[in-house]
Amino acid sequence: MAPRLPQELIDHTIDHLWQDVQSLAACSLTCHAFLDPARTHLFHSQRLTGSKCFVRFEDFLANSPEVSRYIRTLSVTEPMSTAYAQNWVNGIPDLVDRLERLETLELVGLHYVSLQHCSPQMLSAFSKLSSLVFADVYFDHFLDVQTILTVAKNATNLCFYR
(Lines give C-alpha, C1' and ligand atoms only; values in the text may rest on other atoms or scores of the structure.)
Protein backbone atom coordinates (compact mmCIF):
# COMPACT_ATOMS: atom_id res chain seq x y z
CA MET A 1 0.00 0.00 0.00
CA ALA A 2 1.35 3.41 -0.95
CA PRO A 3 1.88 5.98 1.81
CA ARG A 4 -0.96 8.50 2.19
CA LEU A 5 -0.49 12.24 2.20
CA PRO A 6 -2.23 14.19 4.98
CA GLN A 7 -5.50 15.73 3.71
CA GLU A 8 -4.33 19.19 4.82
CA LEU A 9 -1.36 18.94 2.45
CA ILE A 10 -3.62 17.87 -0.43
CA ASP A 11 -6.03 20.72 0.32
CA HIS A 12 -3.23 23.28 0.46
CA THR A 13 -1.73 22.04 -2.81
CA ILE A 14 -5.06 22.19 -4.65
CA ASP A 15 -5.72 25.67 -3.21
CA HIS A 16 -2.83 26.90 -5.36
CA LEU A 17 -4.71 25.78 -8.47
CA TRP A 18 -7.82 27.85 -7.71
CA GLN A 19 -7.83 29.58 -11.15
CA ASP A 20 -6.72 26.62 -13.28
CA VAL A 21 -9.97 24.91 -14.25
CA GLN A 22 -8.29 22.19 -16.32
CA SER A 23 -5.98 21.20 -13.47
CA LEU A 24 -8.84 21.27 -10.96
CA ALA A 25 -10.93 19.05 -13.22
CA ALA A 26 -8.03 16.62 -13.54
CA CYS A 27 -7.53 16.63 -9.76
CA SER A 28 -11.21 15.88 -9.20
CA LEU A 29 -10.77 12.69 -11.26
CA THR A 30 -7.55 11.61 -9.54
CA CYS A 31 -8.86 10.15 -6.29
CA HIS A 32 -11.46 10.72 -3.56
CA ALA A 33 -9.03 12.76 -1.46
CA PHE A 34 -8.69 15.29 -4.30
CA LEU A 35 -12.40 15.50 -5.17
CA ASP A 36 -13.70 17.71 -2.36
CA PRO A 37 -10.97 20.39 -2.47
CA ALA A 38 -11.09 20.51 -6.28
CA ARG A 39 -14.88 20.90 -6.32
CA THR A 40 -14.62 23.65 -3.72
CA HIS A 41 -12.81 25.78 -6.29
CA LEU A 42 -14.58 24.51 -9.42
CA PHE A 43 -18.06 25.35 -8.17
CA HIS A 44 -17.42 28.23 -5.75
CA SER A 45 -18.85 30.93 -8.03
CA GLN A 46 -21.53 30.37 -10.65
CA ARG A 47 -22.83 32.86 -13.21
CA LEU A 48 -26.18 32.33 -14.90
CA THR A 49 -26.95 34.45 -17.96
CA GLY A 50 -30.51 34.15 -19.18
CA SER A 51 -33.22 31.55 -19.05
CA LYS A 52 -31.39 28.82 -21.00
CA CYS A 53 -28.44 28.96 -18.63
CA PHE A 54 -30.82 28.95 -15.67
CA VAL A 55 -32.63 25.82 -16.91
CA ARG A 56 -29.35 24.01 -17.69
CA PHE A 57 -28.08 24.83 -14.20
CA GLU A 58 -31.27 23.54 -12.57
CA ASP A 59 -30.97 20.31 -14.60
CA PHE A 60 -27.31 20.01 -13.59
CA LEU A 61 -28.23 20.36 -9.90
CA ALA A 62 -31.05 17.84 -10.28
CA ASN A 63 -28.57 15.30 -11.70
CA SER A 64 -25.72 16.21 -9.33
CA PRO A 65 -27.31 17.55 -6.12
CA GLU A 66 -24.07 17.08 -4.13
CA VAL A 67 -22.53 19.98 -6.07
CA SER A 68 -24.92 22.49 -4.47
CA ARG A 69 -22.93 22.49 -1.22
CA TYR A 70 -19.86 23.95 -2.96
CA ILE A 71 -21.56 27.03 -4.41
CA ARG A 72 -20.92 30.17 -2.35
CA THR A 73 -21.60 32.92 -4.91
CA LEU A 74 -24.38 33.00 -7.48
CA SER A 75 -24.60 35.75 -10.08
CA VAL A 76 -27.79 35.95 -12.13
CA THR A 77 -28.00 38.16 -15.21
CA GLU A 78 -30.79 38.70 -17.71
CA PRO A 79 -29.46 40.41 -20.83
CA MET A 80 -32.95 40.88 -22.31
CA SER A 81 -34.57 42.26 -19.13
CA THR A 82 -38.12 41.93 -20.41
CA ALA A 83 -41.37 40.61 -19.03
CA TYR A 84 -40.54 37.37 -20.94
CA ALA A 85 -37.77 36.75 -18.43
CA GLN A 86 -40.20 36.92 -15.52
CA ASN A 87 -41.01 33.20 -15.56
CA TRP A 88 -37.48 32.06 -14.81
CA VAL A 89 -36.58 35.09 -12.66
CA ASN A 90 -39.31 34.06 -10.24
CA GLY A 91 -37.41 30.76 -9.81
CA ILE A 92 -34.43 32.51 -8.17
CA PRO A 93 -35.75 32.21 -4.58
CA ASP A 94 -36.28 28.46 -5.07
CA LEU A 95 -32.75 28.10 -6.43
CA VAL A 96 -31.34 30.08 -3.49
CA ASP A 97 -33.20 27.71 -1.18
CA ARG A 98 -31.55 24.65 -2.80
CA LEU A 99 -28.02 26.06 -2.55
CA GLU A 100 -27.51 25.25 1.11
CA ARG A 101 -24.19 27.10 1.58
CA LEU A 102 -24.81 30.08 -0.66
CA GLU A 103 -23.44 33.29 0.86
CA THR A 104 -23.63 35.89 -1.92
CA LEU A 105 -26.36 36.56 -4.45
CA GLU A 106 -25.72 39.03 -7.26
CA LEU A 107 -28.67 40.10 -9.39
CA VAL A 108 -27.67 41.97 -12.54
CA GLY A 109 -29.95 43.60 -15.10
CA LEU A 110 -33.16 41.98 -13.88
CA HIS A 111 -36.68 43.31 -14.10
CA TYR A 112 -38.77 41.98 -11.23
CA VAL A 113 -42.44 42.41 -12.04
CA SER A 114 -43.52 40.96 -8.71
CA LEU A 115 -42.38 38.68 -5.94
CA GLN A 116 -45.98 37.92 -5.01
CA HIS A 117 -45.74 34.57 -6.83
CA CYS A 118 -43.06 33.41 -4.38
CA SER A 119 -44.13 31.63 -1.24
CA PRO A 120 -42.90 32.91 2.16
CA GLN A 121 -40.96 29.65 2.54
CA MET A 122 -39.06 30.29 -0.70
CA LEU A 123 -38.35 33.88 0.22
CA SER A 124 -37.07 32.83 3.63
CA ALA A 125 -34.11 31.24 1.80
CA PHE A 126 -32.72 34.78 1.46
CA SER A 127 -32.15 34.81 5.23
CA LYS A 128 -29.01 32.68 4.88
CA LEU A 129 -27.28 35.20 2.61
CA SER A 130 -24.50 37.35 4.01
CA SER A 131 -24.17 39.51 0.90
CA LEU A 132 -26.68 40.86 -1.62
CA VAL A 133 -25.79 42.79 -4.76
CA PHE A 134 -28.35 44.54 -6.97
CA ALA A 135 -26.86 45.93 -10.18
CA ASP A 136 -29.29 47.61 -12.57
CA VAL A 137 -32.25 45.73 -11.08
CA TYR A 138 -35.70 47.15 -11.65
CA PHE A 139 -38.63 46.45 -9.32
CA ASP A 140 -42.17 47.41 -10.28
CA HIS A 141 -43.11 47.75 -6.62
CA PHE A 142 -41.06 49.12 -3.75
CA LEU A 143 -42.78 46.54 -1.56
CA ASP A 144 -40.72 43.84 -3.35
CA VAL A 145 -37.47 45.57 -2.37
CA GLN A 146 -38.72 45.85 1.19
CA THR A 147 -39.69 42.16 1.17
CA ILE A 148 -36.23 41.02 0.05
CA LEU A 149 -34.48 43.27 2.55
CA THR A 150 -36.76 42.07 5.33
CA VAL A 151 -36.17 38.37 4.69
CA ALA A 152 -32.41 38.85 4.11
CA LYS A 153 -31.98 39.63 7.79
CA ASN A 154 -28.47 38.13 8.04
CA ALA A 155 -27.00 40.11 5.16
CA THR A 156 -24.07 42.19 6.33
CA ASN A 157 -23.16 43.49 2.87
CA LEU A 158 -25.72 45.17 0.66
CA CYS A 159 -24.84 46.90 -2.62
CA PHE A 160 -27.02 48.76 -5.10
CA TYR A 161 -25.52 49.75 -8.43
CA ARG A 162 -27.10 51.54 -11.34
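**As for helix α8 (residues 142–151)**
Next, step 1: Within α8 the residues assigned to the buried category are Asp144, Val145 and Ile148. Down the axis of α8, the smallest arc covering the buried residues is 100 degrees, so these residues share one side. Exposed residues lying more than 90 degrees from the buried face of α8 are Phe142, Leu143 and Thr150.
Next, step 2: Among the structural elements, β5 (131–135) and β6 (138–139) are those in contact with the buried residues of α8.

**Describing the side chain of Arg72**
Next, step 1: Counting through the fold element by element, Arg72 comes out in the loop between α4 (50–63) and β2 (73–77).
Next, step 2: Engagement of the side chain of Arg72 in a polar contact is seen with the backbone oxygen of Arg69, the distance being 2.7 Å.
Next, step 3: Once you skip the residues sitting within four places of it in the chain, Arg72 turns out to touch His44, Arg101, Leu102, Glu103 and Thr104.

**So, helix α2 (residues 21–28)**
Helical geometry: 3.6 residues make up each α-helical turn, so side chains three or four residues apart lie on a common side.
Next, step 1: If you check which residues of α2 are buried, you get Leu24, Cys27 and Ser28. One side of α2 holds all its buried residues, which, seen down the axis, span an arc of 100 degrees.

**What about the pairing of β2?**
Next, step 1: Among the five residues of β2, five are classified as buried, and the element is accordingly described as predominantly covered.
Next, step 2: Neither face of β2 is exposed, since Thr73, Ser75 and Thr77 on one face and Leu74 and Val76 on the opposite face are all buried.
Next, step 3: As judged from the five bridges shared by strand β1 (residues 45–49) and β2, these two strands associate in the parallel manner. When the bridges of β2 are listed, Thr49 appears paired with Thr77.
Next, step 4: As for the winding sense of the linkage, the β-α-β connection from β1 through α4 to β2 is right-handed.
Next, step 5: Two elements, β2 and strand β3 (residues 104–108), share five bridges in a ladder whose sense is parallel. Paired with Thr77 across the two strands is Val108, which belongs to β3.

**What to know about the packing of α2 against helix α3 (residues 32–42)**
Next, step 1: Packing of α2 against α3 brings their axes to within 8 Å, and their N-to-C directions diverge by 150 degrees. Overall, the two elements α2 and α3 adopt an arrangement that is roughly antiparallel. For the element pair α2 and α3, the recorded crossing hand is left-handed. Facing α2, whose interface residues are Val21, Leu24, Ala25, Cys27 and Ser28, α3 presents Phe34, Leu35, Ala38, His41 and Leu42.
Next, step 2: Classifying every residue of the contact of α2 with α3 gives eight nonpolar, two polar and no charged.

**Description of the pattern of salt bridges**
Next, step 1: All told, the structure shown has six salt bridges when counted by the stated rule.
Next, step 2: Among the salt bridges present, the one from Arg69 reaches Asp36, with a minimum N-O distance of 3.2 Å. Taken as a pair, Arg69 in the loop between α4 and β2 and Asp36 in helix α3 lie far apart in primary sequence, 33 residues in all.
Next, step 3: Using a relative accessible area of 35% as the deciding quantity, one classes Asp36 as partly exposed.
Next, step 4: For Arg39, the salt bridge is made with Glu66, and the minimal N-O distance between the two is 3.8 Å. Highlighted residues: Arg39 in helix α3 and Glu66 in the loop between α4 and β2, separated in sequence by 27 residues.
Next, step 5: Taking the relative accessible area as the measure of exposure, Arg39 reaches 19% and is therefore buried.
Next, step 6: Here the salt bridges do not stand alone but share partners, grouping Glu58, Asp94 and Arg98 into one network.

Conventions and cut-offs
- Residue positions are counted from 1 within each chain, in the order its sequence is given.
- Note on the predicted model: pLDDT of at least 70 is required for a residue's local features to be given, and 80 or more for side-chain atom pairs to be given and counted; whole-chain, interface and lining totals, by contrast, use all residues.
- Hydrogens and waters are ignored; side-chain quantities use all the structure's heavy atoms.
- Burial classes follow relative accessibility: with a 1.4 Å probe on protein chains only, a residue under 20% of its type's maximum area counts as buried, one over 50% as exposed, and anything between as partly exposed.
- By definition, any uninterrupted DSSP run of H or I lasting at least four residues is a helix, any uninterrupted run of E lasting at least two residues is a strand, and each is numbered from the N terminus.
- The arc refers to the directions leading from the helix axis to the C-beta atoms.
- Any two residues having at least one pair of non-hydrogen atoms within 4.5 Å are treated as being in contact.
- N or O atoms within 3.5 Å of each other form a polar contact, as long as, within protein, one can give a hydrogen and the other can take it, and as long as residues adjacent in sequence are counted only when both atoms are side-chain atoms.
- At least two bridges found by DSSP between two strands is the condition for calling them paired.
- Viewed with both strands pointing away, a crossover whose connecting path from the first strand over the helix to the second turns clockwise is right-handed.
- Here the axes come from fitting lines to C-alpha atoms, over the contacting stretch only for helices, and the angles between their N-to-C directions go from 0 to 180 degrees.
- Roughly parallel means an angle under 35 degrees; roughly antiparallel means over 145; roughly perpendicular covers 65 to 115; every other angle is labelled oblique.
- With the far helix as reference, a near helix turned anticlockwise by less than a right angle produces a left-handed crossing, and one turned clockwise produces a right-handed crossing.
- Three classes are used: nonpolar for Ala, Val, Leu, Ile, Met, Phe, Trp, Tyr, Cys and Pro, charged for Asp, Glu, Lys and Arg, and polar for all others, with Gly counted as polar.
- Counted as salt bridges are all cases of a side-chain nitrogen of Lys or Arg within 4 Å of a carboxyl oxygen of Asp or Glu.

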